[in-house]
Each structure stands twice: as structure tokens, then as C-alpha cells.
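Residue-level structural notes
For reference, the chains in residue letters:
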Amino acid sequence: MKIGILSRNRHLYSTRRLIEAAEARGHKVQVIDVLRCYMKIQPHQPEIWYRGRKLEGFDAVIPRIGASVTFYGTAVVRQFEMQGVYTLNESVAITRARDKLRALQLLARKGVGLPRTGFAHAPDDTEGVMQLVGGAPMVIKLIEGTQGQGVVLAETANAASSVIEAFRGLDAYFLVQEFVGEARGSDIRCFVVGGEVVAAMQRTACEGEFRSNLHRGGSATPMEITPAERRTALRAARIMGLNVAGVDLLRSKSGPMVMEVNSSPGLEGIEAASGIDIAGAIIGFVEANARPGRTKTKGRG
Ligand code: ADP
């Protein structure tokens, strides 16, 4: 097969591993920087051009779209879909998952466990929305943040009001969320490939930090997840319509709660912690599923 990996940097661990796994199985791989793709949108003949040449003949593309290029990146993925090229994760699914508010609304509709979450526009409603999530301590997070950036723990109502005021001053939309303290700075990353949790790890925040992101100094250890956690992770990926997803869960008193569903989950931490060849599992899934015209929107919303 000819596989395109949509990635801005071929030297990133995840991209390298996907190239390695695909080549080891005899596929031809091209790494494509989405920001250098340009498109011709015309009836029946959607074209994608790259550094002066028309891109053609791909059997599948694997999107690894960074958060800062979501809009352009998903437009390129969509153009491949218009050509009938199989995309591992579809543009609409990536868009759903990227918007934390939209993702939580879709998960909530299907009854998936979530931390109590509120959203408000008007400054006059700050007090009201803080009450809806049970008051301080609470977590305030930017809707489009990643890797723990823009996620703040406010221990008191006063601290929460100050953070909210600051975010409003920046014209940024944010969620207000119940702080799940019993998770004690740990969360669970479930790596889903095609309806299976292929690996899971526990991420624990470093001393004095509540965010367990590995980019924030968190540490990872392999872990056994419970059947309820497995079910929740698989449902979350399915509701988003993602074939490959990193589902982040908190272990709470009332069962697993989904914090977010990542559409381009990193491979480095989870392969190191679990020792599992996840890149190989992803390429295996592509082999089994990529057919021309096999793009169809899954999930809702
Ligand atoms: P990002 O997309 O930036 O990683 P998350 O919503 O996943 O943002 O939050 C980052 C980290 O902060 C999580 O991995 C988790 O450790 C911690 N965290 C986020 N929300 C909560 C919450 N409601 N209760 C407890 N910890 C949380």
C-alpha cells in the first residue's frame, strides 16, 4: 500500500515509529506536511498539490494533526476523503474531539461518565456556573488547550473568579469543571485502535502539580484497567467516531470519568510504559480496513 502520514515533522517519535512499522510491513510511506498541501476544489475532481506536484495514488492517510493547525489540517484530511482515500481518523471526528466542549456534550448525551462541567458566556453568570459544578476547588480549562496548557486548579472561589476574569480578558472560551480530587493527580490513558484498548498507562503528576500530562513532568506506568474503564474508553472513541484515540480517564468515586479524547495520541510514552508495538497495531488496522471509498462518517454530531 501507499500510505501518507500527515505530520509536520518526520523526526517526531510517533511519526518515526509509524514510518518504521509501515515500511517493515512492505508499504510505501510518504510524510506530508499538511501546511504545504494546497487544494483545488472543483466539481468531481478534488485535487491536492504538494510542493508543486499533484498528490496521487494513496491507499490510506494517517492524520497526525497538531492542535495549532486543526483548521487547515482537517481541511486537508477532508480533501483526501473527497477523493475517496481512506483516512484512519476522519476530519469530522478530529474536529469533534478537538473542541473539548463539543466532545463533552456528545459524550454526555450518551451517558458517558464525566466530571461535572459548566460553560457560561456572561460575566454575570460566573457565580451561577461555579455553583453548577459544586463550587471550589474546581478546574478551569481553555476549550482548545492541549498538554495541560490552560488547565488551572482553583482552590477557592476567589481564585476561580480571578482565573475566569483573566481568561475572559483574553477573549478565550473555557470550561468550569468539578475537581476530581480522589484521582490524586493520576489519570489513565487508554490507547484505542479499532474498537480495542491495545494499551493503557497510568500517568501521575509530579510533586506539587495536579496535571498528569507527560509534557508537564508526569510519569507513566503500565496498568491493568477495569472492565468498566475499558468499556468507557471504547464508547468514548466510538461516540467521537475515532478509529485511533487516546482516551483520558479519571478514577472517581462514581466510576470512570472521561476528561478528553485525543485524536492524535502520542506513541512515545505509551509504547515505553507498556512495551507494546502500538505503531504496528495501527498499521495492521489500516491494512485490514483501508479500501477506496471506505470513508464514512461515524459517530454523531
Ligand atoms: P489537556 O488536553 O491540556 O491535557 P486535560 O483536560 O486532559 O487537558 O487536563 C490536563 C490534566 O489535568 C489531566 O491529565 C489531569 O491530570 C488533570 N485534570 C484535568 N481535569 C481535571 C479534573 N476535573 N479533576 C482532576 N484533575 C483534572
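Not measured: the values here are computed from a predicted model.

With that settled, consider the pairing of strand β4 (residues 47-50). Within a regular strand, side chains alternate between the sheet's two faces. As judged from the 4 bridges shared by strand β3 (residues 37-40) and β4, these two strands associate in the antiparallel manner. Within the sheet, the bridge partner assigned to Tyr38 lies in β4 and is Trp49. In the sheet, β4 pairs with strand β5 (residues 53-54) via 2 bridges, with the strands oriented antiparallel. Residue pairing in the sheet places Trp49 in a bridge with Lys54 of β5. Hairpin connection between β4 and β5: a loop of 2 residues separates the two successive antiparallel strands, and Arg51 in this loop has a positive phi of roughly 45°.

Counted according to the given criterion, the structure contains 13 salt bridges. A salt bridge links Arg116 to Glu178, with the nearest nitrogen and oxygen atoms 3.9 Å apart. One end of the pair, Arg116, is in the loop between α4 (100-109) and β8 (117-118); the other, Glu178, is in strand β11 (residues 174-178), and 62 residues separate them in sequence. Exposure remark for Arg116: the relative accessible area of 46% places this residue in the partly exposed category.

Attention shifts here to the environment of Ser274. Tracing the sequence through the fold places Ser274 in helix α8 (residues 268-274). A C-alpha to C-alpha distance of 6.5 Å links Ser274 and Ala199, two positions 75 residues apart in sequence. Not counting the four nearest positions on each side in its chain, Ser274 is found in contact with Ala199 and Pro222. A distance of 2.6 Å separates a polar atom in the side chain of Ser274 from the backbone oxygen of Ile270. A polar atom in the side chain of Ser274 sits 3.1 Å from the backbone nitrogen of Ile276.

We now examine the pairing of strand β13 (residues 197-204). Burial within β13 is extensive, with 6 of its 8 residues counted as buried. Sheet topology note: the strand β12 (residues 186-193)/β13 ladder contains 7 bridges and is antiparallel. Bridging across to β13, Val192 finds its partner in Val197. Bridge count between β13 and strand β14 (residues 219-222): 4 bridges; the pairing is antiparallel. In the strand pairing of β14, Gln202 is matched with Thr221.

Here the domain parsing of the chain yields domain 1 (2-95), domain 2 (117-179) and domain 3 (182-283). Once you take the C-alpha centre of each, domain 1 and domain 3 turn out to be 25 Å apart. Contacts between the two partners involve 17 residues from domain 1, matched on the other side by 17 residues from domain 3. Surface buried jointly by domain 1 and domain 3 totals about 1,500 Å² across both partners, of which 56% is contributed by carbon and sulfur atoms. The interface formed by domain 1 and domain 3 holds 2 salt bridges in total. At the junction of domain 1 with domain 3, the criterion picks out 12 residue pairs in polar contact (both at pLDDT 80 or more). With 6 residues, helix α1 (residues 13-24) is the largest single contributor of residues to the side of domain 1 that touches domain 3. Class assignment for the residues of the side of domain 1 that touches domain 3 results in 11 nonpolar, 3 polar and 3 charged.

Reading guide: rules and limits
Residues numbered from 1 in each chain as written. Predicted model: local features only at pLDDT ≥ 70, side-chain atom pairs only at ≥ 80, totals over all residues. Heavy atoms only, no water. Pairing = 2+ DSSP bridges. Helix = DSSP H or I, 4+ residues; strand = E, 2+ residues; numbered from the N terminus. Salt bridge = Lys/Arg side-chain N within 4 Å of Asp/Glu carboxyl O. Buried < 20%, exposed > 50% of the residue type's maximum accessible area, 1.4 Å probe, protein only. Contact = heavy atoms within 4.5 Å. Polar contact = N/O pair within 3.5 Å; in protein donor to acceptor, adjacent residues only side chain to side chain. Domains from an automatic or database assignment. Buried area = accessible area lost by both parts, 1.4 Å probe. Nonpolar A, V, L, I, M, F, W, Y, C, P; charged D, E, K, R; others polar.

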